[in-house]
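In case you want the letters, here they are:
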Amino acid sequence: MRIRVTSDSTCDLSPELIQEYGIVISPLYVVMDGKSYKDTIEIKPEDIYAYVARTNKVGSTAALNVADYLDFFRENLEGYDAIVHFTISSDMSSCFQNACIAAEEVGNVWVIDSRNLSTGIGHLALDAVELAREGKTAQEIYDILEERKQKLDVSFVIDTLKYLSLGGRCSPLAALGANLLNLKPTICVVNGKMIVGKKYRMTIDRAMLRYVKDQLGDLSTVDTRRIFITDSGVPDEQWKAVEKLLRETLPFEKIYHTRAGCTVSNHCGPGTLGILFYRK
């Protein structure tokens, strides 16, 4: 059985991993001043940051519509028996709903609501390819990953609340207070939704390392098969310090560093970094 694995662009996998695993990406849209741009194809995070600096406004992100998914699934089924497709959490976007409508019409498409974002989705997509290579059917892959997605641990620490404030996700007063107090909040994905976690009152360099220790928590519960460091644009020394700490803390088989795409970058702004991994 030939199975093609596809994912929305919110999976934040690197071009190298996308090529190595043969995953096909369906880009979401970023809307600025009424014009839509395809994530990673027509717009990059740096374009978003330049727009915010110029206008003091943030754009919005938009899901693929049913017609987009119909075209995408039909094209990618050619030469394959089935598609396993991943979307950002259905609590964050209508991607899952729209993909399911299209999948029902096309047939032989299994759509998985990741209940996550960023490389939390990336973990699932890589696992799907590995399972397909083992000879699992699309239904078996779907069943395994529906269970496995419950074990994902996904979070980020944020340097500035400016973007969340401009996007209406926190009040300007809260953002001002956080800046005055030098607070660096964490955003965690819980039950498919983003919630505010711990807040660190320190420089972002120190906050990142403290965050990593706190987020790993009970080391005996961490699955060391694979972990992602995903950021929206930080100096190399910051993510490399996080990588060094991870290597010193646990014997991870694979540590991948990836750059967040436009969805995370548009909402959280530059200077955001997360570690994304499985619990046992």
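Located above this text is the structure these notes cover.
Here is what the cut-offs are and how they apply
Residues numbered from 1 in each chain as written. Predicted model: local features only at pLDDT ≥ 70, side-chain atom pairs only at ≥ 80, totals over all residues. Heavy atoms only, no water. Helix = DSSP H or I, 4+ residues; strand = E, 2+ residues; numbered from the N terminus. Pairing = 2+ DSSP bridges. Axes fitted to C-alpha atoms, helices over the stretch in contact; angles between N-to-C directions. Contact = heavy atoms within 4.5 Å. Buried < 20%, exposed > 50% of the residue type's maximum accessible area, 1.4 Å probe, protein only. Polar contact = N/O pair within 3.5 Å; in protein donor to acceptor, adjacent residues only side chain to side chain. Core = buried A, V, L, I, M, F, W, Y, C linked by side-chain atoms within 4.5 Å. Salt bridge = Lys/Arg side-chain N within 4 Å of Asp/Glu carboxyl O. Expected span 1.5 Å × (residues − 1). Arc of directions from axis to C-beta.

1. Comments concerning unusual backbone geometry
Next up, step 1: Of note, the phi angle at aspartate 12 is positive, near 55°, even though the residue is not glycine.
Next up, step 2: Here aspartate 12 shows up in the loop between strand E1 (3-8) and helix H1 (15-21).
Next up, step 3: One non-glycine residue, asparagine 191, lies in the positive phi region at around 50°.
Next up, step 4: Mapped onto the elements of the fold, asparagine 191 is located in the loop between strand E9 (183-190) and strand E10 (193-201).

2. Points about the sheet that holds strand E11 (residues 222-231)
Next up, step 1: Strand order across the open sheet formed by 6 strands is E10-E9-E8-E13-E11-E12, with mixed pairing between neighbours. At either margin of the open sheet sits one strand with a lone partner, and together these are E10 and strand E12 (255-259). Averaged over neighbouring strand pairs, the angle between their axes works out to 20° when direction is ignored.
Next up, step 2: Note that strand E8 (residues 152-157) and strand E13 (residues 273-279) share 4 bridges and pair antiparallel. What sits directly across from aspartate 153, in E13, is phenylalanine 277.
Next up, step 3: Each of E8, E9, E10, E11 and E13 touches helix H9 (residues 204-216); the most contacted strand, E13, lies at about 10° to it.
Next up, step 4: Packed onto the sheet, helix H10 (residues 236-249) meets E11, E12 and E13 and runs at close to 175° relative to E11.

3. Examining the pairing of E8
Next up, step 1: Most of E8 is tucked away: 6 of the 6 residues are buried.
Next up, step 2: Along E8, one buried face is formed by Leu152, Val154 and Phe156 and the opposite face, lined by Asp153, Ser155 and Val157, is buried too.
Next up, step 3: With 3 bridges joining them, E8 and E9 adopt antiparallel strand pairing. The partner of phenylalanine 156 across the bridge, within E9, is isoleucine 187.

4. Here we look at the side chain of serine 118
Next up, step 1: Turning to its location among the elements, serine 118 is positioned in the loop between strand E7 (109-113) and helix H5 (119-133).
Next up, step 2: According to the relative accessible area criterion, serine 118 is buried, its value standing at 0%.
Next up, step 3: If we ignore the near neighbours within four places in the chain, the residues touching serine 118 are Thr10, Cys11, Asp12, Phe156, Thr230, Val264 and Leu276.

5. Thoughts on the environment of aspartate 113
Next up, step 1: Within the element layout of this structure, aspartate 113 appears in strand E7.
Next up, step 2: Along the primary structure aspartate 113 and threonine 87 are separated by 26 residues, whereas in three dimensions their C-alpha atoms are 5.4 Å apart.
Next up, step 3: Apart from the residues within four sequence positions on either side, aspartate 113 is in contact with Thr87, Ile88, Ser89, Ser90, Phe96, Glu146 and Lys149.
Next up, step 4: Among the polar contacts made by the side chain of aspartate 113, one reaches the side chain of serine 90 at a distance of 2.6 Å.
Next up, step 5: Within polar-contact distance, the side chain of aspartate 113 engages the backbone nitrogen of arginine 115 at 3.1 Å.

6. Observations regarding the nonpolar core
Next up, step 1: Grouped together as the largest cluster of nonpolar side chains are 51 residues, with contacts concentrated most on Leu13, Ile23, Phe73, Phe86, Ile141 and Leu145.
Next up, step 2: At 8 residues, the largest contribution of residues to this core is made by H5.
Next up, step 3: Ignoring anything within four residues of it in the chain, the contact list for phenylalanine 86 reads Val5, Thr6, Ser7, Asp8, Ile112, Ile121, Leu124, Ala125, Ala128 and Leu145.
Next up, step 4: In this structure, Ala207, Met208, Tyr211 and Leu246 belong to the second largest nonpolar core, which totals 23 residues.

7. Some points on the sheet that holds strand E3 (residues 29-32)
Next up, step 1: What the 3 strands build is an open sheet, ordered E4-E3-E5; its pairing is antiparallel. Lying at the two open borders of the sheet, with one neighbouring strand each, are strand E4 (35-38) and strand E5 (60-62). Between one strand axis and the next, the sheet turns by 35° as a mean value, whatever way the strands run.
Next up, step 2: The pairing of E3 with E4 spans 4 bridges and is antiparallel. By the bridge assignment for E4, valine 30 is matched with tyrosine 37.

8. With respect to the pattern of salt bridges
Next up, step 1: The tally for this structure, following the rule as stated, stands at 18 salt bridges.
Next up, step 2: Note that glutamate 146 is salt-bridged to lysine 149, the shortest N-O span being 3.1 Å.
Next up, step 3: Between aspartate 214 and lysine 198 there is a salt bridge, and its shortest N-O distance comes to 3.7 Å. Highlighted residues: aspartate 214 in helix H9 and lysine 198 in strand E10, separated in sequence by 16 residues.
Next up, step 4: The exposure class of lysine 198 is partly exposed, given its relative accessible area of 49%.
Next up, step 5: Via salt bridges that share partners, Asp127, Glu130, Arg148, Arg225 and Arg226 belong to a single interconnected network.

9. Some thoughts on H10
Since one α-helical turn is 3.6 residues long, residues separated by three or four positions face the same way.
Next up, step 1: The end-to-end C-alpha distance of H10 is 20 Å, a good match for the 20 Å that 14 residues give at a rise of 1.5 Å each.
Next up, step 2: Restricting attention to buried positions, one finds in H10 the residues Gln238, Trp239, Val242, Glu243, Leu245 and Leu246. Along the axis of H10, the buried residues cluster in a sector spanning 160°; they form a single face. Turned more than 90 degrees away from the buried face of H10, the exposed residues are Glu237, Lys244 and Glu248.
Next up, step 3: Of the surrounding elements, those touching the buried residues of H10 are H9, E11, E12 and E13.

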